[in-house]
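An overview of the molecular structure
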Amino acid sequence: MAGPLARAAARRSRHAALADALVKFVRDWVQAAQPLYRLRAARMLHLAALALALGLIGGLYLRGLVLEYRATWASTFLAAPQVHALLSVVYGPASLFTGVPIPGVADLEAIASRGEKAARWIHLMAGTVALFVVFPRALLAVAASAALVRRSRELAPPASLQSYFRSAFAHSDGLGRAKVRVLPYAYEPSPSATQRLRQRLPDLLGGQLVIESEAGTPYGEEDALLARLQGSGADVVLLLFSLAATPEDENHGVLITGTREIVARATPSAELVVVVDEAPYAARLAGEGGARERLAERRLLWQAFARAHGAEPSFVDLGIVQS
């Protein structure tokens, strides 16, 4: 019995690992391809509106070939002069575009009494739809398509792919060591915490690394930090935060977004990594009830915050030495 049970357990373990890998792949791909999805959705909506407008115009003319549309009007409150003024506003652009004149006051009074064939009104309606729906939507669809082509060429791979690439080809000839720039913000890690981070980065980022750790940047000086990042030439910019801090849009958010934009402009292979040290918050909660739940809640807060600003955070406890 041990043999079949062991094989079944191994199969379950493989399936679980495969499921985890699939979920991670889908999450990473959705995050990387999100701009493309937005552009495709926008293009689809523009094309749908364009198709609806063209169908409306085509339906009017096709039915007009075999059926007689009659035009007339009646109003309790409006007389012919007011109707003419209203029609001049609604159909004025189409009249200029198609060359079909809007009937005068006398003609409108005659139409109200006996009606007329609706050919000119169909031309005016078709011209109005073309001016305000067909042409704008066609231009917007073309613009979305052009943006889609451009963004497809500039699509950055998921951050995890960079780590995998460095790990898989770490010993290949011609592949240099990745330069990692560690930038603590609103948090000054101890020398031992910095050393533990250095020890864990090869597993986190993969490959051979050249790590440069800087002193912590004080809270509120994110603009100065972003200015120093310009032209840094680092392959990986690692923002190190403390879980004890509550993330704020005007500080942490500005820093993450600004760093992501700088890294994206640097080189296609450059990468932003966000790491959150749990040790300061765990030390603050030591001995308190519900510490584990509060740690989990703060992790979720940071995770949602970082993702909202285009980054996927990694959580480490730099106060724990791992064997």
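Structural notes, computed from the coordinates. (Residues numbered from 1 in each chain as written. Predicted model: local features only at pLDDT ≥ 70, side-chain atom pairs only at ≥ 80, totals over all residues. Heavy atoms only, no water.)

Once that is clear, we can look at the overall build of the protein chain. Counting its secondary structure elements, the protein chain contains ten helices and seven strands. Burial analysis of the protein chain (323 residues in total) assigns 35% to the buried set. Taking contacts inside the protein chain between residues at least 6 apart in sequence as the whole, the part at least 24 apart equals 80%. Of the accessible surface of the protein chain, which amounts to about 19000 Å², a share of 62% is contributed by carbon and sulfur atoms. (Helix = DSSP H or I, 4+ residues; strand = E, 2+ residues; numbered from the N terminus. Buried < 20%, exposed > 50% of the residue type's maximum accessible area, 1.4 Å probe, protein only. Contact = heavy atoms within 4.5 Å. Areas by Shrake-Rupley, 256 points an atom, 1.4 Å probe, with all protein chains shown as cover.)

A separate point is the packing of aromatic side chains. Under the definition given, this model contains six aromatic pairs. With a centroid separation of 6.4 Å and 35 degrees between ring planes, the pair formed by Y185 and Y219 is classed as tilted. Within this pair, whereas Y185 is found in the loop between β3 (178-184) and α6 (191-205), its partner Y219 is found in the loop between β4 (209-213) and α7 (222-229), the two being separated by 34 residues in sequence. Residue classification places Y185 among the buried positions, given a relative accessible area of 1%. Y219 gets classed as partly exposed once you look at its relative accessible area, which sits at 46%. The ring of Y281 carries the charged tip of R298 above its face, separated from the ring centre by 4.3 Å. (Phe/Tyr/Trp six-rings, centres within 6.5 Å; stacked < 30°, edge-to-face > 60°. Lys NZ or Arg CZ within 6 Å of the ring centre and 35° of its normal.)

One pass over the full model with this rule turns up eight salt bridges. Ionic pairing is found between E68 and R70, a salt bridge with its closest N-O pair at 3.3 Å. Of the residues examined, R70 reaches a relative accessible area of 49% and is grouped as partly exposed. Linking R307 and E312 is a salt bridge whose minimum nitrogen-to-oxygen distance equals 2.8 Å. With relative accessibility at 37%, the residue R307 sits in the partly exposed group. Salt bridges sharing partners connect three or more residues here, namely R181, E214 and R228. (Salt bridge = Lys/Arg side-chain N within 4 Å of Asp/Glu carboxyl O.)

Membership of the largest hydrophobic core comes to 25 residues, with the highest contact counts inside it found for L239, F241, L255, I256 and L272. Those elements that provide at least two residues to this core are α7, β5 (236-242), α8 (249-266), β6 (271-277), α9 (279-285) and α10 (291-308). Here this core takes four residues from α8, the largest share from any one element. In this structure L255 touches Y185, E222, L225, L226, L239 and F241, once residues within four positions along its chain are discounted. Core analysis: the second largest hydrophobic core is formed by 17 residues, A178, Y187, L197 and L209 among them. (Core = buried A, V, L, I, M, F, W, Y, C linked by side-chain atoms within 4.5 Å.)

It is worth spelling out α6 at this point. Note that an α-helix has 3.6 residues per turn; residues three or four places apart therefore point the same way. Between its terminal C-alpha atoms α6 stretches 21 Å, which fits the 21 Å expected from 15 residues at 1.5 Å a residue. Within α6, the full set of buried residues consists of A193, R196, L197, R200, L201 and L205. Looking one or two residues past α6, G206 carries a phi angle of roughly 80 degrees, positive in sign. (Expected span 1.5 Å × (residues − 1).)

Let us look at the packing of α7 against α8. Across the interface, α7 lies against α8 with an axial gap of 9 Å and an inter-helix angle of 10 degrees. It follows that α7 is roughly parallel to α8 by the angle criterion. Residue-level contacts link E222, D223, L225, L226 and L229 of α7 to E250, N251, V254, L255, G258, T259 and I262 of α8. (Axes fitted to C-alpha atoms, helices over the stretch in contact; angles between N-to-C directions. Parallel < 35°, antiparallel > 145°, perpendicular 65-115°, else oblique.)

Tracing the backbone through its elements, the reader meets H309 in the loop between α10 and β7 (313-316). Distance from H309 to I256, taken between C-alpha atoms, is 6.6 Å for residues 53 residues apart in sequence. When sequence neighbours within four positions are dropped, the list of residues in contact with H309 reads D249, G253, I256, T257 and R260. Within the local environment of H309, its side chain forms a polar contact with the side chain of D249, the two groups lying 3.2 Å apart. Polar side-chain contacts of H309 include one of 2.9 Å to the backbone oxygen of F305. (Polar contact = N/O pair within 3.5 Å; in protein donor to acceptor, adjacent residues only side chain to side chain.)

This part covers the environment of A126. Within the secondary structure, A126 is located in helix α4 (residues 119-154). For the pair formed by A126 and A94, sequence separation is 32 residues and the distance between their alpha carbons is 8.1 Å. Contacts of A126, omitting those with residues within four sequence positions, involve I57 and Y61.

This next bit is on a nonpolar patch on the surface. The grouping of L22, F25, V26, W29, V30 and Y37 at the surface amounts to a nonpolar patch, some 570 Å² of accessible area in total. In this structure, V30 sits in helix α1 (residues 2-66). Classification of V30 as partly exposed rests on a relative accessible area of 37%. (Patch = residues over 30% accessible without salt bridge, like charges linked within 9 Å, V, L, I, M, F, W, Y side chains within 5 Å.)

Look at any regular strand and the pattern is simple: side chains alternate between the two faces of the sheet. Most of β6 sits inside the fold, with seven of its seven residues counted as buried. The alternating pattern of β6 places E271, V273, V275 and D277 on one face and L272, V274 and V276 on the opposite face, and all of these are buried. Taken together, the seven bridges between β5 and β6 define a ladder with parallel strand orientation. Paired with V237 across the strands is L272, a residue of β6. In the sheet, β6 pairs with β7 via four bridges, with the strands oriented parallel. (Pairing = 2+ DSSP bridges.)

By themselves, these observations are geometric and do not establish any function.
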